[in-house]
Amino acid sequence: MKSPSALIVLIVMLAGTNLWAGGAGSSRKAFGAAIENKIDIEIDSLLGLYKQIHAQPELAFQEEKTAARLAKELRGAGFAVTEKVGGTGVVGVFKNGNGPTILVRADMDALPIVEQTGLAYASKMRLRDRDGLDVGVMHACGHDMNVASLVGTARVMTHIKDRWKGTLVFIGQPAEEIGAGAKAMLDDGLLTKFPRPDFALAKGEQVNRGLGDE
Ligand SMILES: [Zn+2]
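Analysis parameters
Counting from 1, residues in each chain are numbered in the order their sequence is written. Restriction of local features to residues with pLDDT of at least 70 applies here, the model being predicted, together with a cutoff of 80 or more for giving and counting side-chain atom pairs; totals for whole chains, interfaces and linings are based on all residues. A run of H or I in DSSP becomes a helix once it reaches four residues, and a run of E becomes a strand once it reaches two; helices and strands are each numbered from the N terminus. Based on C-alpha atoms, the radius of gyration is set beside the globule rule, defined as 2.2 Å times the residue count to the power 0.38. By definition, two strands form a pair when at least two bridges between them are found by DSSP. A fitted line through C-alpha atoms serves as each axis, taken over the contacting stretch for helices, and the angle formed by two N-to-C directions is quoted from 0 to 180°. Remark: residues whose backbone-derived C-beta atoms lie within 7 Å of one another are considered to be in contact. Any helix carries an expected span of 1.5 Å times its number of residues minus one. Each residue is classified by how many other C-beta atoms fall within 10 Å of its C-beta atom, where C-beta atoms are placed from the backbone; a count of 20 or more means buried, 12 or fewer means exposed, and values in between mean partly exposed. The directions from the helix axis to the C-beta atoms are what the arc is built from. Nonpolar cores are identified as sets of buried Ala, Val, Leu, Ile, Met, Phe, Trp, Tyr and Cys residues joined via C-beta atoms within 7 Å.

The next point concerns the overall build of the protein chain. Helix and strand counts for the protein chain come out as five helices and seven strands. When the helices and strands of the protein chain are read in sequence order from the N terminus, they spell out α-α-α-β-β-β-β-β-α-β-α-β. Here the C-alpha atoms of the protein chain give a radius of gyration of 17 Å, agreeing with the 17 Å that 2.2 N^0.38 yields for 214 residues. Each principal axis of the C-alpha distribution contributes one length, and for the protein chain these read about 55 × 40 × 30 Å.

Reading across the sheet, the five strands line up as S1-S2-S6-S3-S7 and stay open at both edges, with mixed pairing between neighbours. The open sheet has two free edges, formed respectively by strand S1 (80–85) and strand S7 (199–201), since each of these has just one partner strand. The sheet shows a mean angle of 20 degrees between the axes of neighbouring strands, direction not considered. Alignment of strand S3 (residues 101–107) against strand S6 (residues 166–173), held across seven bridges, turns out to be parallel. Bridge pairing in S6 places Val104 opposite Phe170. Where helix H3 (residues 64–76) meets the sheet, it contacts S1, strand S2 (89–96) and S6, and its direction lies at approximately 165 degrees from that of S1. Contacting S2, S3 and S6, helix H4 (residues 143–159) runs over the sheet at an angle of about 150 degrees to S3.

The subject of this paragraph is H3. Quick reminder: α-helices carry 3.6 residues per turn. Residues three or four places apart thus point the same way. The end-to-end C-alpha distance of H3, which contains 13 residues, comes to 18 Å, matching closely the 18 Å that a straight helix rising 1.5 Å per residue would cover. The set of residues buried in H3 consists of Thr66, Ala67, Arg69, Leu70, Glu73 and Leu74. For H3, the arc enclosing every buried residue in end-on projection is 165 degrees, short of the 170-degree limit, so these residues lie on one face. In the segment just after H3, Gly78 is the residue with positive phi, at about 105 degrees.

In the Ramachandran plot, Phe61 falls in the positive-phi region, its phi being about 65 degrees despite a non-glycine side chain. Residue position: Phe61 is located in the loop between helix H2 (26–55) and H3. Among the residues examined, Phe61 registers 19 C-beta atoms within 10 Å and is labelled partly exposed. Phi at Ala175 is positive, roughly 50 degrees, even though this residue is not glycine. Relative to the elements of secondary structure, Ala175 occurs in the loop between S6 and helix H5 (181–187). The exposure class assigned to Ala175 is buried, which follows from the 25 C-beta atoms found within 10 Å.

Turning our attention to the nonpolar core. One finds Val104, Val147, Ala148, Val151, Ala154 and Phe170 to be the most contacted residues of the largest nonpolar core, which totals 46 residues. Setting aside its immediate chain neighbours within four residues, Val104 contacts Leu10, Leu150, Thr153, Leu168, Phe170 and Leu201.

Among the seven residues in S3, six count as buried, and that is most of the element. Bridge count between S3 and S7: three bridges; the pairing is parallel. When the sheet's bridge partners are listed, Val104 is paired in S7 with Leu201.

Fair warning: the whole summary comes from geometry, so function is off the table for now.
Structure representation (structure tokens):
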């Protein structure tokens, strides 16, 4: 994450929902400034989080450390967090008055790929895959950025909570790369044990597809 662009994309996507308390003209300008100001404050910490997650990738349904870190960060932002939903999944809920319920999803698992980027924070991780094979592991699909962006969005949204009303459901989904984590979370009651979303947002190509696996 060289820039807060992924974070801004998520916040802009949230802006497309009917979450906002309103405000136009100069107050909207002040609103934008409040968001940018908060991102400026958080960006170094988020970049550090991104690098830590990048350096410690975990395979599908083995996302123990990543899930624990995401849970800790969401709690730190004021969310009520439930862990081990559908295996290693994380669900954070932030209730902020009457309004729509918005689900935002981050994937958490990495791929069985040996990292050759030469970056200072490159992964040297090796793990056993589902077949028991020893494989190199890398965040080659950007799920490290998914998690860092979700945490950043949580920090910004709670910081500006006087500007919107509704409920946020932020999830860390396991095992997206093997197409199994979304179903595992649904089977474990994602839509019945937690507030049911009016909108679901996720990264990139999954915008508006919500809970689907790639
Ligand atoms: Zn992916």
